[in-house]
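# Structure at a glance
Below, each chain spelled out in residue letters.
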Amino acid sequence: IGIIMDGNGRWAKKRFLPVQAGHRAGMKALHKVVEAAGQMGIEYLTVYAFSTENWKRDKEEVDYLMELAVEYFIKEIDEFDRKNVRVRMIGQRDRLPQKVRDAAVTMEERTKDNTGLFLNVALDYGGRDEIVQAVKNIVASGCKAEDVTEELISKNLYTADLPDPDIMVRTAGENRLSNFMLWQNSYAEFIFSDLYWPDCDADFLKWVVEEYQKRDRRYGGRK
């Protein structure tokens, strides 16, 4: 499952709260959804935490999001390890503050041998940027044009060792991908919800799975 966690700001605005309060509420919602995913036996969960375009936001908000990312990694590390969750950060790392990178590496190292839910946190991530980086890696390897395949491109993405998502979810009533996992979502089932992300919980995830179970996946063929 992939999730575009949208609506933190609108959730806060509706309650006459600062946007930071919405982001903190969103972090609490993520805790609930990750816990539910592990209990439901979901194997892979990728969440869109900060995009390559989010750098355009006010510095105060960006700085707060970076602090929140550090807090999330530090706060959740013991529980993730105890619950057999493996965590990895995907996206560019060189533009992130050093403290974010350090916290992410600590989380990754601590949970790398866990065999339960595989949680991918997309930070400074952009789908187009990911494909560009993959192409650069392929060109740098000296690969000939005739040897380029879909499989080769997939092997050079951040998600090289992961299956493509079965479900792509977006909250807050928006019906677009916003540059998230463009290559991987070729055959994902899209599920959109009007709920703001801070209002999402275990019942929300259960609803997502139930909606998915109603879909008829044919991958271009017929049944």
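That block above? That's the structure.
Scope of this entry: the structure provided in the associated data block.

Cut-offs and rules
Residues numbered from 1 in each chain as written. Predicted model: local features only at pLDDT ≥ 70, side-chain atom pairs only at ≥ 80, totals over all residues. Heavy atoms only, no water. Buried < 20%, exposed > 50% of the residue type's maximum accessible area, 1.4 Å probe, protein only. Helix = DSSP H or I, 4+ residues; strand = E, 2+ residues; numbered from the N terminus. Pairing = 2+ DSSP bridges. Phe/Tyr/Trp six-rings, centres within 6.5 Å; stacked < 30°, edge-to-face > 60°. Core = buried A, V, L, I, M, F, W, Y, C linked by side-chain atoms within 4.5 Å. Contact = heavy atoms within 4.5 Å. Salt bridge = Lys/Arg side-chain N within 4 Å of Asp/Glu carboxyl O. Expected span 1.5 Å × (residues − 1). Arc of directions from axis to C-beta. Axes fitted to C-alpha atoms, helices over the stretch in contact; angles between N-to-C directions.

Burial runs high along strand E2 (residues 44-51): six of the eight residues are buried. In this sheet, E2 lies alongside strand E1 (residues 2-4) in parallel orientation, the contact comprising three bridges. The residue of E2 that forms the bridge with Ile4 is Tyr48. Across seven bridges, the pairing between E2 and strand E4 (residues 118-125) is parallel. Across the sheet, residue Phe50 finds its bridge partner in E4, namely Leu123.

Attention now moves to the packing of aromatic side chains. Following the criterion strictly, the structure yields eleven aromatic pairs and no others. Ring geometry for Phe50 and Trp55: centres 4.9 Å apart, planes at 75 degrees, overall edge-to-face. Relative accessible area serves as the criterion here: at 28%, Trp55 is assigned to the partly exposed category. Between the aromatic rings of Trp197 and Phe204, the centroid separation amounts to 6.5 Å while the plane-to-plane angle is 85 degrees, which identifies the pairing as edge-to-face.

Ranked by internal contacts, the top residues of the largest apolar core, which has 45 residues, are Ile1, Ile3, Leu45, Phe73, Leu119, Leu123 and Trp197. Those elements that place two or more of their residues in this core are helix H2 (19-40), E2, helix H3 (59-82), strand E3 (86-90), helix H4 (98-111), E4, strand E5 (167-170) and helix H7 (202-213). Looking at this core, the element that brings in the most residues is H3, giving ten residues. The contact partners of Trp197, leaving out residues within four places of it in the chain, are Ile3, Met5, Asp6, Gly7, Asn8, Gly26, Ala29, Leu30, Val33, Thr171 and Phe204. Listed in part, the nine residues of the second largest apolar core include Ile4, Ala122, Tyr125 and Met168.

Here the structure, examined in full by the defined rule, presents 20 salt bridges. In this structure, Glu67 and Lys99 form a salt bridge, with 2.2 Å as the shortest nitrogen-oxygen distance. In this pair, Glu67 is assigned in helix H3 and Lys99 in helix H4, connecting sequence segments 32 residues apart. Residue classification places Glu67 among the partly exposed positions, given a relative accessible area of 41%. In this structure, Glu189 engages Arg215 in a salt bridge whose closest nitrogen and oxygen atoms are separated by 2.9 Å. Note that Glu189 is positioned in strand E6 (residues 189-192) and Arg215 in the segment after H7, a separation of 26 residues in sequence. A cluster of three or more residues bridged by salt bridges with shared partners is formed by Asp6, Arg10, Arg170, Glu174 and Arg176.

Structurally, Thr46 is set in strand E2. When near neighbours in sequence (up to four residues on either side) are disregarded, Thr46 contacts Ile1, Gly2, Ile3, Ile90, Asn120, Phe180 and Met181.

With that settled, the discussion passes to H4. Counted at 1.5 Å a residue, the expected span for H4 with its 14 residues is 20 Å, and the 20 Å between its end C-alpha atoms agrees. Looking at H4, one finds that the buried residues are Val100, Ala103, Ala104, Met107, Glu108 and Thr111. Taken down its axis, H4 places every buried residue within 135 degrees of arc, on the same side. Buried residues along H4 sit in contact with H3, E3 and E4.

Next up on the list: the sheet that holds E3. Spatially, six strands are ordered E3-E4-E2-E1-E5-E6 in an open sheet, and the strand pairing comes out parallel. Across the chains shown, the open sheet's two edge strands, defined by having one partner strand only, are E3 and E6. Strand-to-strand twist in this sheet, taken as the mean axis angle between neighbours without regard to direction, amounts to 20 degrees. Contacts from H2 reach E1, E2 and E4, with the element oriented near 160 degrees to E2.

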